Amino acid sequence: MKYQKLAEFYEKASSTTKRLEKIEILSKFLKSLSDSDKDVSYLLLGDIYPEYDERRIGISNQLAIKAISKSTGTEEKEVTNKWKLIGDLGKVAEELKKHKKQSTLHQQILTVEKVLSNFRELPNLVGKGTVNKKLVLIVELLTSASPLEALYLIRTLIGDLRIGVKESTIRESMAVAFFPNKDKKEASKKIQDAIDKSNDIGIVFELVKKKDLKNLGKIKLEIGK
């Protein structure tokens, strides 16, 4: 799936503070996903792994500034000044990408799979040269990103997605999207129970997309999760 599609959803979701509107936007988006897109559900919450997994991206604002600087050819001081003015590093990245002359060299169409692949490398990097290795992974994504994609890449990296989507929003949206002709209240309750037991919204999404409430109810507590 193209990351641009996810970024466009983020933008729509953040455009309203009304819960029912947000649920309607998210339910339409969830219906558009394929069976192989379950990992997108983690990104909806600004994560890259299920909740039980303790690994986190863990990128500092300073490293994000370096990555924005390197990918847009802007001095770090200028990036910092814009951040102080705007108060949102994602918006800074978006603005600088808009004014940067695009180069086709090293560019590729970003996919959710590529973004997750690079993001999931970040927590695994330790020891000497870690900062530079992380920088390479982030800059690779930002170099290919559109301004809108850059906005949400940076926000995800620093743990500040700002779209107002919570676990409860996803639960209700799944019920609306995949159980419109059934008792949405019952479906919502079963979905929440499965999320509580599994601590894995991706696994739950897989079963919900198949409209499989029976197997959803078979999810059990597991040690370590």
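Everything that follows concerns the structure shown earlier in this document.
Described in the following lines is the structure provided in the data block. Along each chain, numbering runs from 1 in the same order as the chain's sequence is written. Totals for whole chains, interfaces and linings use every residue, but because this is a predicted model, local features are given only for residues with pLDDT of at least 70 and side-chain atom pairs only at 80 or more, for both listing and counting. Hydrogens and water are ignored here; the side-chain numbers use all heavy atoms of the structure.

The subject of this paragraph is the layout of surface pockets. The calculated volume of the largest pocket comes to roughly 160 Å³. Going through the elements one at a time, α1 (3-14) and α2 (19-31) are the ones with two or more residues in the lining of the largest pocket. Counted by class, the lining of the largest pocket contains three nonpolar, one polar and four charged residues. A pocket, in this scheme, is an open set of points on a 1 Å grid over the protein atoms alone with protein on both sides within 12 Å along at least 5 of 7 lines, while a cavity is a set where a 1.4 Å probe fits but cannot get out; residues line either one if an atom lies within 4 Å of a point. Grid points are joined across faces, edges and corners, and a volume is the space filled by probe spheres set on the points. Under the DSSP-based scheme used, a helix requires at least four consecutive residues in state H or I and a strand at least two consecutive residues in state E, with every element numbered from the N terminus. Gly falls in the polar group here, along with every residue not listed as nonpolar (Ala, Val, Leu, Ile, Met, Phe, Trp, Tyr, Cys, Pro) or charged (Asp, Glu, Lys, Arg).

Moving on, we come to the nonpolar core. Remark: nonpolar core denotes a set of buried residues (Ala, Val, Leu, Ile, Met, Phe, Trp, Tyr, Cys) joined through side-chain atoms within 4.5 Å. With a 1.4 Å probe rolled over the protein chains alone, any residue whose accessible area is under 20% of its type maximum counts as buried; one over 50% counts as exposed, and the rest are partly exposed. Ranked by size, the top nonpolar core spans 71 residues in total, and within it Leu6, Phe9 and Met174 carry the most contacts. Looking at which element gives the most residues to this core, the answer is helix α9 (residues 147-157), with seven residues. In what follows, residue pairs with any heavy atoms lying within 4.5 Å of each other are defined as contacts. Not counting residues within four places of it along the chain, the set of residues in contact with Met174 comprises Leu30, Phe179, Ile191, Ile195, Ile201, Val204, Phe205 and Val208.

Moving on, we come to helix α6 (residues 89-99). The set of residues buried in α6 consists of Leu89, Gly90, Val92, Ala93, Glu94, Leu96 and Lys97. Its buried side turned inward, α6 meets α4 (61-72), α5 (76-86), α8 (130-144) and α9.

As a further point, take the packing of aromatic side chains. Centre distance within 6.5 Å is the pairing criterion for rings of Phe, Tyr and Trp, where only the six-membered ring of Trp is used; planes under 30 degrees apart are then read as stacked, over 60 as edge-to-face, and the remainder as tilted. According to the stated counting rule, one finds four aromatic pairs in the structure shown. For the pair Phe178 and Phe205, a centre-to-centre distance of 6.2 Å together with 65 degrees between the ring planes defines the contact as edge-to-face. Separated by 27 residues along the polypeptide, Phe178 in helix α10 (residues 167-178) and Phe205 in helix α12 (residues 201-209) bring together distant segments of the chain. As far as burial versus exposure is concerned, Phe178 and Phe205 are alike and both buried. One aromatic cluster is present, built from ring pairs that chain together Phe9, Tyr10, Phe29 and Tyr152. When the ring centre of Tyr49 is taken as origin, the NZ or CZ atom of Arg55, which lies over that ring, is 4.0 Å away. In our convention, an over-ring charge means Lys NZ or Arg CZ found within 6 Å of a ring centre and within 35 degrees of that ring's normal.

Close contact between α5 and α6 brings their axes to 9 Å; oriented N to C, the two are set at 125 degrees. Put simply, α5 runs oblique to α6. As α5 runs across α6, the sense of the crossing is right-handed. Listed contacts from α6 to Glu78, Val79, Lys82, Trp83 and Ile86 of α5 are Leu89, Lys91, Val92, Glu95 and Leu96. When grouped by side-chain class, the residues that make up the contact of α5 with α6 number six nonpolar, no polar and four charged. Each axis is a line fitted through C-alpha atoms, and for a helix only the stretch in contact is used; angles between axes span 0 to 180 degrees, taken between their N-to-C directions. When describing relative orientation, an angle under 35 degrees is termed roughly parallel and one over 145 degrees roughly antiparallel, while 65 to 115 degrees is termed roughly perpendicular and anything else oblique. Crossing handedness: left-handed means the near helix sits turned counterclockwise from the far one by under a right angle, and right-handed means the same turn made clockwise.

This part takes up the pattern of salt bridges. Take a side-chain nitrogen of Lys or Arg and a carboxyl oxygen of Asp or Glu: if they are within 4 Å of each other, that pair is a salt bridge. The full count for this structure, using the stated rule, is 16 salt bridges. A salt bridge links Glu94 to Lys91; its shortest N-O distance comes to 3.4 Å. With a gap of three residues between them, Glu94 and Lys91 both fall in helix α6, about one helical turn apart. On the basis of relative accessibility, which here comes to 10%, the residue Glu94 falls in the buried class.

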